Each structure stands twice: as C-alpha cells, then as structure tokens.
Amino acid sequence: MPTRILSGIRPTGHIHLGNYLGAIRSWVSMIDQVDERLFCIVDQHALTTAEDAKDLRKNTLTIAAAYIASGIDPVKNHIFVQSHVPYHTELAWYFNCITPMGWLSRMTQFKDKAGKNKDQAMTGLFVYPALMAADILIYKATHVPVGEDQKQHVELTRDIAQAFNNYVNTNIFPLPDPIIKSETARIMSLRDGSKKMSKSDPSDYSRIHLLDDDETIDLKIRKAKTDAEPIPGSAEALGERLEAKNLLSLYSLFTQKSLAEVCLEFEGKQFSEFKPKLASTLIDHLSPIRSTMHELLADEASLLQYLKKGADAANAIACKNMHEIRQSLNMV
Ligand code: AQP
C-alpha cells in the first residue's frame, strides 16, 4: 500500500518552537520517505475554543507561511486549509453517528479544556476528535506524525476507523499509525519545565514564536527559568531539573549533538554562560525561517495560490474516497 501522511496545526495563536520541533521539522525530515504528503491548517478546529477564533485569517496564513518557510515545498506537497475541503465535516458527521460518547469523554484534552463545568462545554470541543479522525481518514492516511499530546487522538482515530469498517462490513479505512519522535515529542515551557510549550499559555515568555525577532529570542532565553546549580557532566545527573533539561535539550536539537555530548561540553558552567550560546544557536536557525515567512506574508496573492493548489489536490482525493464511503453506507 502506498504511504500517505497527513498532519496539521490549529491556527489558534502564535506558532511556536514546540509546534516547529514537535510537528513541522519532523514532517520535513520524513518527506522523502513517504509517497504522498498532506499538510493541513485546521481552521475548523480553532473554532472549538471561541477565544482562539479571533485573528483566524491572519493565523491561518501565518501557519501556511511557516510550513513553506520551514522547508515544505508547496509544489511537491499538498498544503491546504481544512475548511476548503468540505468532505472533512461530512465524514465527521458519519463518524459522530458510530462513535460512542464514552470514547470521546475519555479524551484528556477534552477534560483539560472543558475544565470543571463539563455541561457548559461546547459540543464542538467534545466531538473535535471525530473531526480529527475525519481529517486523517478522508485521505486514507497511513501515518500521522504528531507530538506526544496528540497520541490519544490518533489512537481514537484507529478505533473509529475499525468501528466504521465493522459497521459497513468492508475494510474501507486503513488503521493509521502515529509517528512520534521521542526527542521532540514534548518541548516544555520556558517558564515551567513541567508544562508543555503551548500557544494558550498566557505568558509570552513561556515560548519562542517563529516570528520573534532576534532581540526577543535573546531576551526570552535570558529570562527562561533555570536553577542555581552548574551544568552536570551527564544527562542522567540532570535528574528532576526540568527547566535545565529543557534548555539543554533545545541546544542538542539544534546542534545535532546528543544531550550527553551537550552536558559534557558545558560541564561545570553556569546557565548564565550557556544561555547566550543557546540564544545565538536558535537565532541562526530561526532568523532565515522568519525572513522567508515575512516575504511570503507580504505576497498574500501567491500564498493563497499555493493554498488553492493544495486544496484542489486534497479535494480530488477526498471526493473519490467520499464516493466510496457514501456507497458503503447505501446512500442514493
Ligand atoms: N510543546 C510541544 N512540543 C512538541 N510538540 C508540540 N505540539 C504542540 N505543542 C508542542 C505539536 O504541534 C502540532 C500542532 O499542535 P496544535 O496547534 O494543533 O495543537 P496543540 O497541541 O494543542 O498545540 P498548542 O500550542 O498547545 O495549542 P493550544 O495552546 O491552542 O492548545 C501537534 O502535532 C502537536 O502535538
């Protein structure tokens, strides 16, 4: 069977280093190993949390620019906006009809985002994993590269695919495999090493945005939380020093050195000495991406053209699959 990957990012705020390392950079690394690649900007998912829906247009275009600037060629890959392919929401409805509420109630993201008062949570937030399953299965994607936080949703997608196959008594959908790279699975907040870096964290200092200028990157790294201990000579000796481990891991990810090598390189040094090195490494890597993003965003017509090309290709695949799905459901 040909391999096809699908993944996406919600346009809910400032795209950050966690999205870049956990998602985009890992997609780029697998482009040559997969037959077909679809990269979506999942704008309909942004509507599940109302406060994130403002600036939807700007955020959608910024994520498209981030994909391209990070090395996803819009000619060889399909980059598109979820709402430009209406088959996603159609398939999500069919999935809603065969997905027990108990499965959705178990999703930890729903529990986290709905908070204590679940009765007041919106239906869209509750059924969002069924739409995510549709995003993946409408293309019969075989692999889904994601960060650790999305693993549970990909596992649910497999359950939904199997339930649908059983319902129509045909193996219409493949059971997609999550691809999670352990080194980048969870990039942590710069303010609290026990929390993942996230767009919804109220503190801008908790994350590096892909559009941050050099001075801001430098400032955020200088202000990043650490401890008073010197850097140890081995990764094991970092123990529970979560913030220290996060910063050293970031350096390791951008220098292609192992965490053990980084610890040896800086053994006995204070973080005040390490932080400028980390900041300049990040700036060297991120500033060309930022410049390209600005160029792409300044030429909106070309960016929209790329998204149209991606949506046309995605619609063609989805239309063919939807025909088969409707037939399997005995629709006229
Ligand atoms: N901190 C992270 N480390 C590694 N990977 C991450 N991802 C997100 N944060 C990290 C991965 O980025 C992809 C797209 O994420 P998303 O925007 O669709 O949803 P999210 O996981 O909810 O991201 P945020 O930043 O935390 O958004 P908010 O705050 O709006 O909920 C996914 O593959 C995700 O794993």
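If you're wondering where the values come from, they're calculated on a predicted model, not measured in any experiment. (Residues numbered from 1 in each chain as written. Predicted model: local features only at pLDDT ≥ 70, side-chain atom pairs only at ≥ 80, totals over all residues. Heavy atoms only, no water.)

A. Broad picture of the site of the ligand. Taken together, 23 residues form the shell around the ligand, and within it H16, D149, S198, K199 and S200 come nearest. The separation between an oxygen atom of the ligand and a polar side-chain atom of R10 is 2.9 Å. Within the side chain of D149, an N or O atom sits 2.4 Å from an oxygen atom of the ligand. Coverage of the ligand by the protein amounts to 97% of the 640 Å² it exposes when considered alone. Within the residue set of the shell around the ligand, elements represented by two or more residues are strand 1 (4-9) and helix 1 (17-30). Of the residues forming the shell around the ligand, the biggest block, 4 residues, is contributed by helix 1. Looking at the shell around the ligand residue by residue, the class counts come to 6 nonpolar, 11 polar and 6 charged. (Near = heavy atom within 4 Å. Polar contact = N/O pair within 3.5 Å; in protein donor to acceptor, adjacent residues only side chain to side chain. Areas by Shrake-Rupley, 256 points an atom, 1.4 Å probe, with all protein chains shown as cover. Helix = DSSP H or I, 4+ residues; strand = E, 2+ residues; numbered from the N terminus. Nonpolar A, V, L, I, M, F, W, Y, C, P; charged D, E, K, R; others polar.)

B. View of the packing of helix 9 (residues 214-223) against helix 12 (residues 271-298). Remark: helix 9 packs on helix 12, axes separated minimally by 9 Å, with the N-to-C direction vectors making an angle of 145°. For the pair helix 9 and helix 12, the sense of crossing is right-handed. For the pair helix 9 and helix 12, the contacting residues are D214, I217, D218, I221, R222 and K223 in the first and K275, L278, A279, L282, I283, L286, S287 and R290 in the second. A class-by-class count of the residues in the contact of helix 9 with helix 12 yields 7 nonpolar, 1 polar and 6 charged. (Axes fitted to C-alpha atoms, helices over the stretch in contact; angles between N-to-C directions. Left-handed = near helix turned anticlockwise from the far one by under 90°. Contact = heavy atoms within 4.5 Å.)

C. A look at unusual backbone geometry. Residue N169 is not a glycine yet carries a positive backbone phi of 60°. With respect to the element layout, N169 can be found in the loop between helix 8 (151-168) and strand 5 (177-179).

D. Spotlight on the pairing of strand 1. In terms of burial, strand 1 is a largely internal element, 5 of the 6 residues being buried. Note that strand 1 and strand 2 (residues 36-41) share 6 bridges and pair parallel. The residue of strand 2 that forms the bridge with G8 is C40. (Buried < 20%, exposed > 50% of the residue type's maximum accessible area, 1.4 Å probe, protein only. Pairing = 2+ DSSP bridges.)

E. Broad picture of the pattern of salt bridges. All chains considered together, the criterion is met by 16 salt bridges. Where K140 meets E324, a salt bridge forms, and the shortest distance between an N and an O atom there is 2.9 Å. Of this pair, K140 sits in the loop between helix 7 (123-137) and strand 4 (143-145) while E324 is found in helix 13 (residues 300-328), placing the two residues 184 residues apart along the sequence. For the salt bridge of R241 with D227, the shortest nitrogen-to-oxygen distance reads 2.8 Å. You can see R241 sitting in the loop between helix 9 and helix 10 (242-255) and its partner D227 sitting in the loop between helix 9 and helix 10, a full 14 residues away along the chain. (Salt bridge = Lys/Arg side-chain N within 4 Å of Asp/Glu carboxyl O.)

F. Examining the pairing of strand 3 (residues 78-81) more closely. Residues H78 and F80 line one face of strand 3 and the alternating positions I79 and V81 line the opposite face, and both faces are buried. As paired strands, strand 2 and strand 3 are joined by 4 bridges and run parallel to one another. Residue F39 lies in a different strand from strand 3, and its bridge partner there is I79.

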